[in-house]
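Given next are the chains, with one letter for each unit.
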Amino acid sequence: MTAILVLNGPNLNLLGTRQPEIYGTTTLADIRAMVEAHGSRLGFTIEFEQSNHEGVMVDLLHAARGRVAGVVLNAGAYTHSSVALRDAISSTELPVVEVHLSNIHAREAFRHVSHIAPVALGQIAGFGPTSYTLALDALAAHLGRERG
Ligand code: DQA
């Protein structure tokens, strides 16, 4: 089995009640269940994490190095601000798919900038919880291609 880290950033623990008009009513526990079910169909074991702290997220990326084959990252607001997370991705050379529930490009201008995107394999945004399962499909395709 191939391990995949699914890492969630700040405020995503509040999904379900947080601005449901933007993020819907699905909780992070619901997303975890979806991701684990989809992951097992793809032959992935899922390590599902959430932190409100930038440094903890950096530590989780460092710890993932050499242990997981890829990362699905919803960095929340740190997407738009964190050079440290971007450097952690570059330093660990982990293949990362950036995900967002909402379409960040259709929202406020400050959300149009992602410090993660230039060091990610790609970005999936705007499909609600399905963004996560699409990201797993993208990682499966990428890893399959890598294995040749
Ligand atoms: C988000 C989008 C970010 O702009 C925001 O700060 C979040 C959630 C999303 O999943 O749509 O916290 O990453």
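Residues numbered from 1 in each chain as written. Predicted model: local features only at pLDDT ≥ 70, side-chain atom pairs only at ≥ 80, totals over all residues. Heavy atoms only, no water.

## So, the nonpolar core
Here is the rule: Only buried Ala, Val, Leu, Ile, Met, Phe, Trp, Tyr and Cys residues count toward a nonpolar core, and they belong to the same one when joined by side-chain atoms within 4.5 Å. Accessible area is worked out with a 1.4 Å probe on protein chains only. A residue is then buried under 20% of its type maximum, exposed over 50%, and partly exposed in between. Secondary structure elements are taken from DSSP: a helix is a run of H or I of four residues or more, a strand is a run of E of two residues or more, and numbering for both begins at the N terminus. We call two residues in contact whenever any of their non-hydrogen atoms come within 4.5 Å of each other.
Ranked by size, the top nonpolar core spans 21 residues in total, and within it Ile4, Val6, Val35, Ile46, Val72 and Tyr132 carry the most contacts. Looking at this core, the element that brings in the most residues is helix H5 (residues 130-147), giving 5 residues. Excluding anything up to four places from it in sequence, valine 6 contacts Val35, Ile46, Glu47, Phe48, Glu49, Val72 and Tyr132.

## Observations regarding the pattern of salt bridges
Oppositely charged side chains can pair when the atoms bearing their charge come close. Inclusion rule: By salt bridge we mean one thing: a side-chain nitrogen of Lys or Arg within 4 Å of a carboxyl oxygen of Asp or Glu.
Under the criterion given, the structure shown has 4 salt bridges. Here arginine 32 makes a salt bridge to glutamate 36, at a shortest N to O gap of 2.9 Å. With arginine 32 and glutamate 36 both in helix H2 (residues 28-42) and 4 residues apart, the pair spans about one turn of that helix. The partner of arginine 67 in a salt bridge is glutamate 47, and the shortest N-O contact between them spans 2.9 Å. Within this pair, whereas arginine 67 is found in the loop between helix H3 (54-64) and strand E3 (70-74), its partner glutamate 47 is found in strand E2 (residues 44-50), the two being separated by 20 residues in sequence. Judged by relative accessible area, arginine 67 falls into the partly exposed class, the value being 45%. The class for glutamate 47 is partly exposed, based on a relative accessible area of 24%. In this structure, a network of salt bridges that share partners links the residues Arg107, Glu108 and Arg111.

## Some words on unusual backbone geometry
The phi torsion at asparagine 11 lies on the positive side, around 75 degrees, for a residue other than glycine. Tracing the sequence through the fold places asparagine 11 in the loop between strand E1 (2-8) and helix H1 (20-23). One non-glycine residue, glutamine 19, lies in positive phi territory at about 35 degrees. Inspection of the secondary structure puts glutamine 19 in the loop between E1 and H1. Among the residues examined, glutamine 19 registers a relative accessible area of 37% and is labelled partly exposed.

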